[in-house]
Structures are given as structure tokens and as C-alpha cells.
Amino acid sequence: MLRLEKVNSFYGLSHILHDVSLTVKDGEAVALLGRNGAGKSTTLNTIMGLVPERKGTINFNGIELSGRKPSDILRAGIGLVPEDRGIFHHLTVFENLKMGHLSNKKDWTFEEYLDYVFELFPRLKERLKNLGKKLSGGEQQMLTMARALGSKPKLLMIDESMEGLSPEYIERIRHMLLTMGEHGVAILLVENNTKIALSICQRVCFIEKGVIRYEGTSQEVLEHPEIRLRYLGVS
């Protein structure tokens, strides 16, 4: 589905990603883990076209994404849940969802989209008339994810969606991501909570200073604490 081959990205003159290669298969959940500043968010933003790669290739379902606009990448079937949430605080939940649906009105109706969202996030149905700024942190994160689903993505990339949330909302979002996997949506997950990430994803890539240093199954990482100690500093 998604294949990066020797991708290099820069912020100005700063070389951030160095020959990054990784894959995400159809319906697979992959965790991209590493310390702060390792290049995790840059990887997602490069895939989404927000940070242009200067070298390497990014292929999604046979489509070369290198050099394409973020809007084209969205229409190709990739959604991004950004770290900063980015909801419209002065619009209602209903209006935020309406904005999300604008990116793909041809593949499903707004009603079909709402039914899907409410199956995953029943809480949002109760909050339809609430302004974004009136939602709790967990509800805002749910809305961010729900809005990203408006494009009906085949691959959803999620950047630290559970930072600062209560255990209750973390479990709700974890359950939602597992449900999405059952619906055939592939996931590329950046998450500081390693335990949660390993419970969601089948495979793990560790990135360090912009280089993929290790790739293996979640089970291998669980069984070998020295791997977590090496790349995260915790066992």
C-alpha cells in the first residue's frame, strides 16, 4: 500500500530524514516510535506533502506521491490526524464534520459519513451542537480523528493522538483504532505511549536521528525490553 524508499527531508538547511524506508501493507497497523526530535512527525508530514522530500520516492497504491500537493495526497486516500488537533474552535461539532466531508463527497453521502463516525465515536453524536472550544481534550481529539475520516482514507496517519488524555479517553481511542483496522483502514501511528502503540499495531519501526534503526513485530519488542531501552531509553 504505502512504500517509502530512501526518503530525505529538510527543514531549511537542516537535514532531518536520512534515507528513510518503510512500508505499510493493506489493513496493517504500524507504529513509528522514537525519542523526541527523532523525525517521527517529519516522516508523516513528508508523506502528506507538507514537507517536501528532496530525494527518494513515496508510493501509495501505485501512485507516486513525490512532489504532489497535500490536497492531491488526501484525495489519493491518505488522511492525517495532526499533533495539534487543528479543529475549528468556533464551529460546532456538526460544522467541523461537515468540513471534513467536503474532501470526499463522491464516495459517500454526509449521512453515511455521520453513521460511520457515530459508530466509532458515539460521544460526538451527543455533542453535535457544541462548539469545538467547549469540548474536553478527549472529545476534541475524537473530533479531529472523525474529521480526518471524512475523506474515507485507506490509510490514516496519526500523530500522538493520546497526549495528555485521561485513561478513559485513551482506551476509547485505542478501541476506535482497533475497530478501524477491522474495517480495513491501514494505520501509521506515532505515539509516545509505547504500551498503547504495541497493543494496537502489528509491526514497529524505531527511528533515531532521522534514520530507521530497527523494524520488527510488536511481539518481538514486547519480549525484548533491551530494544525499547536502546531506542526509547525505557524498558
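Use the structure listed above.
Attention in this report is confined to the structure presented alongside it. (Residues numbered from 1 in each chain as written. Predicted model: local features only at pLDDT ≥ 70, side-chain atom pairs only at ≥ 80, totals over all residues. Heavy atoms only, no water.)

Moving on, we come to the side chain of E139. Summarising the element assignment, E139 is placed in helix α6 (residues 137–148). When its relative accessible area of 3% is taken as the criterion, E139 is described as buried. (Helix = DSSP H or I, 4+ residues; strand = E, 2+ residues; numbered from the N terminus. Buried < 20%, exposed > 50% of the residue type's maximum accessible area, 1.4 Å probe, protein only.)

What follows is about the sheet that holds strand β3 (residues 29–33). Spatial strand order, β6-β7-β8-β3-β9-β10: six strands in an open sheet with mixed pairing. The open sheet has two edge strands with one neighbour each: β6 (78–81) and β10 (211–217). Adjacent strand axes in the sheet meet at a mean angle of 15° when their direction is disregarded. Relative to strand β7 (residues 155–159), β6 is paired through four bridges, and the arrangement is parallel. Among the inter-strand pairings, L80 is bridged to a residue of β7, identified as M157. Sitting on the sheet, helix α10 (residues 225–232) touches β3, β9 (203–208) and β10, and the angle it makes with β9 is about 35°. (Pairing = 2+ DSSP bridges. Axes fitted to C-alpha atoms, helices over the stretch in contact; angles between N-to-C directions. Contact = heavy atoms within 4.5 Å.)

The subject of this paragraph is the environment of G12. Secondary-structure assignment places G12 in the loop between β1 (2–11) and β2 (14–24). Between the C-alpha atoms of G12 and D115, which are 103 residues apart in sequence, the distance is 43 Å.

On to the sheet that holds strand β5 (residues 63–64). Ordered in space as β2-β1-β4-β5, the four strands form an open sheet in which the pairing is antiparallel. Across the chains shown, the open sheet's two edge strands, defined by having one partner strand only, are β2 and β5. Summarising the sheet, β1 and β2 pair through seven bridges and their orientation is antiparallel. Bridge pairing in β2 places R3 opposite T23.

Here we come to the layout of surface pockets. Looking at the largest pocket, its volume works out to about 380 Å³. Counting only elements with at least two residues in the lining of the largest pocket, the list comes to α2 (70–76), β6, α3 (93–101) and α6. Partitioned by chemical class, the residues of the lining of the largest pocket number ten nonpolar, six polar and one charged. In this structure, the second largest pocket encloses a volume near 190 Å³. Taken together, E119, L120, F121, P122, R123, E126, M142, R172, I173, H175, M176 and T179 make up the full set of residues lining the second largest pocket. Contributing elements (two or more residues each) for the lining of the second largest pocket: α4 (110–120), α5 (122–126) and α7 (167–182). Here the lining of the second largest pocket gets five residues from one element, more than from any other, and that element is α7. Looking at the lining of the second largest pocket, its residues break down into six nonpolar, two polar and four charged. (1 Å grid on protein atoms, 1.4 Å probe; cavity = no way out; pocket = protein on both sides within 12 Å on 5 of 7 lines; lining within 4 Å. Points joined across faces, edges and corners; volume = space filled by probe spheres on them. Nonpolar A, V, L, I, M, F, W, Y, C, P; charged D, E, K, R; others polar.)

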